[in-house]
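A look at the structure
Spelled out from the first residue to the last, the chains are:
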There are 2 protein chains.
Amino acid sequence: MKISVVKNILEANQRIAAENRLKFSGSQVLVINLMSSPGAGKTSLLERTIQALKNQFRMGVIEGDIQSTYDAERIGQTGVPVVQINTGGACHLDSNMIREALGNLDLQTLNLLFIENVGNLVCPAEFNLGEDFKAMILSVAEGDDKPLKYPLMFHESRVLLINKIDLLPFCECNLQLIEERALKINPHLTIFRISCRTGEGLDQWAAWLGQEVRRRQTFRE
Amino acid sequence: MKISVVKNILEANQRIAAENRLKFSGSQVLVINLMSSPGAGKTSLLERTIQALKNQFRMGVIEGDIQSTYDAERIGQTGVPVVQINTGGACHLDSNMIREALGNLDLQTLNLLFIENVGNLVCPAEFNLGEDFKAMILSVAEGDDKPLKYPLMFHESRVLLINKIDLLPFCECNLQLIEERALKINPHLTIFRISCRTGEGLDQWAAWLGQEVRRRQTFRE
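Basis of the calculations
- Residues numbered from 1 in each chain as written.
- Chains lettered and ligands numbered in written order.
- Predicted model: local features only at pLDDT ≥ 70, side-chain atom pairs only at ≥ 80, totals over all residues.
- Heavy atoms only, no water.
- Helix = DSSP H or I, 4+ residues; strand = E, 2+ residues; numbered from the N terminus.
- Rg over C-alpha atoms; globule rule 2.2 N^0.38 Å.
- Contact = heavy atoms within 4.5 Å.
- Areas by Shrake-Rupley, 256 points an atom, 1.4 Å probe, with all protein chains shown as cover.
- Lys, Arg positive; Asp, Glu negative; His and termini not counted.
- Charge placed at Lys NZ, Arg CZ, Asp CG, Glu CD.
- Pairing = 2+ DSSP bridges.
- Axes fitted to C-alpha atoms, helices over the stretch in contact; angles between N-to-C directions.
- Buried area = accessible area lost by both parts, 1.4 Å probe.
- Salt bridge = Lys/Arg side-chain N within 4 Å of Asp/Glu carboxyl O.
- Nonpolar A, V, L, I, M, F, W, Y, C, P; charged D, E, K, R; others polar.
- 1 Å grid on protein atoms, 1.4 Å probe; cavity = no way out; pocket = protein on both sides within 12 Å on 5 of 7 lines; lining within 4 Å.
- Points joined across faces, edges and corners; volume = space filled by probe spheres on them.
- Core = buried A, V, L, I, M, F, W, Y, C linked by side-chain atoms within 4.5 Å.
- Buried < 20%, exposed > 50% of the residue type's maximum accessible area, 1.4 Å probe, protein only.

Comments concerning the overall build of chain A
The secondary structure content of chain A amounts to eight helices and seven strands. In summary, chain A has a C-alpha radius of gyration of 17 Å against a globular reference of 17 Å for 221 residues, a match within 12%. Expressed along its principal axes, the backbone C-alpha trace of chain A runs to roughly 50 × 45 × 35 Å. A separation of at least 24 residues holds for 73% of the contacts in chain A among residues at least 6 apart in sequence. When the accessible surface of chain A is totalled, it reaches about 9300 Å², and 50% of it is carbon and sulfur. The averaged location of the 26 negative side-chain charges in chain A is 3 Å from the averaged location of its 24 positive side-chain charges.

So this is what it looks like as structure tokens:
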């Protein structure tokens with residue numbers, strides 16, 4: 001009984017995700033589902049990335065939070081369009097929430113859309129939103145055992161951004177061990193070592209992401 | 001329809017939590033449900049706390065993880081009895097999982113039982129396990145906006161441990177702001193500033209906790 005309810009929820013989510021996917025590809029917009037634990041740096045990464053790419057691409061953000069609009073206000077200051085989703089207690093975004101949010105975004109005007117998921121290293125990985133790919137952030141302050149303990153998110157992501165590397169001298173965290181463990185779960189992961197505080201590594205991330213946006217547009221046009 | 005399913009789950013959880021509660025109080029054991037984001041320091045706090053109190057009390061631990069037994073192995077090295085729960089994907093413990101785990105613990109031999117929940121700042125706060133109280137850890141690396149964005153956990157907890165204060169010089173995090181925001185949500189919170197790395201603040205926490213254990217036993221005997 002319990003299993004059948006969960007299965008129905010995931011099936012319904014998958015169906016609406018496919019509809020979102022069609023809208024995204026029809027508008028030639030690259031869509032990234034950004035996930036992490038609370039406080040790993042999702043909003044900071046978005047602020048930095050928008051700053052780096054704002055002269056090249058038209059970007060938008062869908063902000064997912066349980067309640068409040070703090071992150072949307074931060075993103076709003078960058079000047080890009082932002083839509084807030086409040087999940088009202090739910091610990092992840094689902095494809096129906098994204099479908100609703102799309103009513104407030106003009107996809108035709110965008111090249112790149114970020115969806116900032118609820119801060120949670122577990123459930124967001126289970127819900128396809130229709131995105132092109134999932135990217136996850138891990139803060140070095142969380143420790144190098146996280147791939148072992150939360151493997152699904154590492155498995156589902158195409159990109160792993162290891163953030164707050166400026167804290168490495170002060171944490172008991174082995175960067176190589178994170179990478180080895182993550183790649184064992186998912187050998188296709190593209191990994192960036194970054195610090196949203198110092199800016200280290202963000203050029204490489206922005207360059208890679210820019211290529212992805214351009215490749216997608218070439219491919220579709 | 002969706003709401004009624006959720007309501008049934010929470011009602012069933014509450015009923016079994018009440019059964020667990022009876023077992024706990026019958027055995028005069030103080031039970032703490034320990035919650036936090038991934039990597040905030042739950043297992044490190046338990047290692048430190050067990051070390052500090054092992055000559056005064058008989059302790060046990062129930063370890064909640066999605067999969068793996070890494071944390072249980074760490075706790076096992078302290079010499080206290082530990083039972084691992086693997087939720088198999090679920091992002092929180094529920095009272096039925098605890099009821100099952102209690103088959104592997106002799107409550108009569110314990111004064112203090114820690115339940116380490118799954119690393120997640122959202123859903124664990126919704127599920128009563130039958131504990132005496134909930135305690136949460138926030139790492140300063142997560143930032144001072146967390147009470148604003150994840151208020152339920154702050155609301156439900158009796159104790160807030162602000163961990164990794166040794167990282168404060170390297171983070172943009174205002175400790176006073178965390179405390180003000182947390183106390184606005186829950187004026188009854190008891191707050192400790194700690195570092196499981198340097199040991200700072202752990203004496204105060206252990207002393208407070210020792211009082212709680214003794215008070216409970218006096219009250220019950």
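Observations concerning the sheet that holds strand β2 (residues 59-65) of chain A
Residues and elements named next belong to chain A. Taking strand neighbours across the sheet as the criterion, the seven strands line up as β3-β2-β4-β1-β5-β6-β7 in an open arrangement whose pairing is parallel. Unpaired on one side and paired on the other, β3 (82-86) and β7 (190-193) mark the two borders of the sheet. Going across the sheet, the axis of each strand differs from the next one's by a mean of 20°, ignoring polarity. Relative to strand β5 (residues 133-139), strand β1 (residues 30-36) runs parallel, the two sharing five bridges. Across the sheet, Ile32 pairs through a bridge with Phe133, a residue of β5. Packed on one face of the sheet, helix α2 (residues 42-53) meets β1, β2, β4 (112-116), β5 and β6 (159-163) and runs near 170° to β4.

Considering the sheet that holds strand β5 (residues 133-139) of chain B
All names here are of chain B. Spatial ordering of the open sheet is given by β3-β2-β4-β1-β5-β6-β7, a layout of seven strands whose pairing is parallel. Only two strands of the sheet have a single neighbouring strand rather than two, namely β3 (82-86) and β7 (190-193). Each strand axis lies, on average, 20° off the axis of its neighbour in the sheet, ignoring direction. Here helix α2 (residues 42-53) sits on the sheet and contacts β1 (30-36), β2 (59-65), β4 (112-116), β5 and β6 (159-163); the angle it forms with β4, its principal contact strand, is near 170°. Across the sheet, helix α4 (residues 95-102) touches β2, β3 and β4, and the angle it forms with β3 is around 140°.

A short note on the interface of chain A and chain B
Each partner contributes to the interface: chain A provides 38 residues, whereas chain B provides 38 residues. Looking at the side of chain A facing chain B, the largest losses of area belong to A:Pro38, A:Lys149 and A:Phe170, adding up to 21% of the total buried there. The interface formed by chain A and chain B holds six salt bridges in total. Residues B:Glu172 and A:Arg197 are paired through a salt bridge, measuring 3.5 Å at the closest nitrogen-oxygen approach. Listing elements by their share of the side of chain A that touches chain B, those giving two or more residues are α1 (2-26), α3 (70-76) and α5 (146-149) of chain A. For the side of chain A that touches chain B, the class distribution of residues is 17 nonpolar, seven polar and 14 charged.

What to know about empty space enclosed by the protein
Under the criterion given, the structure shown has two cavities of 30 Å³ or more. Put simply, the largest cavity is a space of about 60 Å³. Lining the largest cavity are 14 residues, with A:Ser139, A:Ala141, A:Glu142, B:Ser139 and B:Glu142 sitting closest to its centre. Classifying every residue of the lining of the largest cavity gives six nonpolar, four polar and four charged. Estimates place the volume of the second largest cavity at around 30 Å³. For the second largest cavity, the full set of lining residues is A:Lys149, A:Tyr150, B:Lys42, B:Gly64, B:Asp65, B:Ile66, B:Glu116, B:Asn117, B:Val118 and B:Gly119.

Topic: the nonpolar core
One finds A:Leu160, A:Leu167, B:Leu160 and B:Leu167 to be the most contacted residues of the largest nonpolar core, which totals 50 residues. Looking at this core, the elements with two or more residues in it are β5, α6 (151-156), β6 and α7 (175-185) of chain A together with β5, α6 (151-156), β6 and α7 (175-185) of chain B. When near neighbours in sequence (up to four residues on either side) are disregarded, B:Leu167 contacts A:Ala141, A:Leu167, A:Phe170, A:Cys171, B:Val140 and B:Ala141.

A look at the pattern of salt bridges
Residues and elements named next belong to chain A. Applying the stated rule across the entire model yields 29 salt bridges over all chains. Among the salt bridges present, the one from Glu131 reaches Lys134, with a minimum N-O distance of 2.6 Å. When sorted by exposure, Glu131 lands in the same class as Lys134, which is buried. Residues Asp144 and Arg181 are paired through a salt bridge, measuring 3.6 Å at the closest nitrogen-oxygen approach. Of this pair, Asp144 sits in the loop between β5 and α5 while Arg181 is found in helix α7, placing the two residues 37 residues apart along the sequence. Assessed through its relative accessible area of 24%, Arg181 is described here as partly exposed. Each of Arg15, Glu19 and Arg99 takes part in salt bridges that share partners, so that together they form one network.

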